[in-house]
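Residue-level structure breakdown
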Amino acid sequence: SAYGRLHYSLRPPFRKPHHNITVPALIGGGHVLQPGEVSLAHYGVLFLDELTEYACKVLDHLRQPLVDKRVDIARAQEKIQLPCNLQLIACMNPCACGYWGVDNRCTCGYLDVKRYQKKLSGPFMDRIDIGIHMGLCEEKQFTHMQSAWIEKITACKDTPSVKKWVQSVHDCIDQRVGGAASHMTLADIQKQADCTEMHHALSQSSLRGQQKTLAVAYTLSVLFEEPLRLEHVNLAKKWSRHRTIGR
């Protein structure tokens, strides 16, 4: 392995570093060059709990590795390139008290919430494809979805059926564009559908934000076996509101 140890496992790696982690420990480096958590999570999951507790400068060092899927470390005497094709999963409270957006429970003022969320930079949040606010569980939480989509979701009764559904979508996208949806460029998406109307709906987003949102929308269209439409973009846009954090 990149760490210099033999390790055989049928399970993908799952790394959960503490929020006090340093840049070399996360990205790699040190006096004696060693891979960081991003490389140890290669082809697996890097889970960052309590995201706002991590130092902003540490998180910003993730920006390029998340795009390039590799880490380049240079020293005076040597240079090394390590892989880091990983899935980043993170969670955070919406505010310091944790109740922002839940009835009248939140005790934070508007400026307190903005100051709390400013701990994360906009360019870093742009690298995250989907952001979902997990509020109180309510029966009407899926009302923004079309009934046909809800039927498709509820038809999956167990983990094997969900896995089969996701794998079929992954294989379909891979066959069409030669890779995962997260690697699709705007040009790749435009070859699959007319995105003129979609671009107007995303005019307030950065180019990277548009690419991420359209990639999620395209995945939804394949998931529900439909041509890419504005409805898919609107749902993907609903899941991309986290990109306003840090701006």
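What counts, and where the lines are drawn
- Each chain carries its own residue numbering, running from 1 in the direction its sequence is written.
- With pLDDT at 70 or above as the cut-off, local features in this predicted model cover only qualifying residues; side-chain atom pairs require 80 or more to be listed or tallied, and sums for whole chains, interfaces and linings still use all residues.
- Computation of side-chain values: all heavy atoms of the structure, hydrogens and water removed.
- To get an axis, fit a line to the C-alpha atoms, keeping to the stretch in contact for a helix; angles then go from 0 to 180 degrees between the N-to-C directions.
- Counting from the N terminus, the helices are the DSSP runs of H or I reaching at least four residues and the strands are the DSSP runs of E reaching at least two.
- Helix crossings fall into two classes, left-handed where the near helix is turned counterclockwise from the far one by less than a right angle and right-handed where it is turned clockwise.
- Contact definition: two residues touch when any of their heavy atoms are within 4.5 Å.
- By the convention adopted, Pro, Cys, Tyr, Trp, Phe, Met, Ile, Leu, Val and Ala count as nonpolar, Lys, Arg, Asp and Glu as charged, and the other residues, Gly among them, as polar.
- For the exposure calls, accessible area comes from a 1.4 Å probe over protein chains only, and a residue counts as buried if that area is under 20% of its type's maximum, exposed if over 50%, partly exposed in between.
- The term salt bridge refers to a pairing of a side-chain nitrogen on Lys or Arg with a carboxyl oxygen on Asp or Glu at a separation within 4 Å.

**Digging into the packing of helix α8 (residues 159-177) against helix α11 (residues 207-223)**
- As a packed pair, α8 and α11 sit with axes 10 Å apart at the nearest point and diverge in direction by 115°. Here the hand of the crossing between α8 and α11 comes out right-handed. Here Trp 165, Val 169, Cys 172, Ile 173 and Arg 176 of α8 come into contact with α11, specifically with Tyr 218, Thr 219, Val 222 and Leu 223.
- When the residues that make up the contact of α8 with α11 are grouped by side-chain class, the tally is 7 nonpolar, 1 polar and 1 charged.

**Quick notes on the environment of Pro 65**
- Positionally, Pro 65 belongs in helix α4 (residues 63-68).
- Under the relative-accessibility criterion, Pro 65 is labelled buried at 7%.
- Along the sequence, Pro 65 and Cys 84 sit 19 residues apart, while their C-alpha atoms lie 6.9 Å from each other.
- Contacts of Pro 65, omitting those with residues within four sequence positions, involve Ile 27, Arg 70, Val 71 and Cys 84.

**Re the side chain of Glu 37**
- With respect to the helices, strands and loops of the structure, Glu 37 is situated in helix α2 (residues 37-40).
- Its relative accessible area of 14% is what places Glu 37 among the buried residues.
- The contacts of Glu 37, once residues within four sequence positions are left out, are Arg 15, Pro 17, Ile 21, Ala 25, Leu 26 and Leu 46.

**Some thoughts on the pattern of salt bridges**
- This model, assessed by the stated rule, comprises 7 salt bridges.
- Among the salt bridges present, the one from Arg 70 reaches Asp 72, with a minimum N-O distance of 3.2 Å.
- For Asp 72, a relative accessible area of 47% corresponds to the partly exposed category.
- Here Glu 231 ties to Arg 229 by a salt bridge, and the two come within 3.3 Å at their closest N and O atoms.
- Residues participating in the shared-partner salt-bridge network are Glu 226, Arg 229 and Glu 231.

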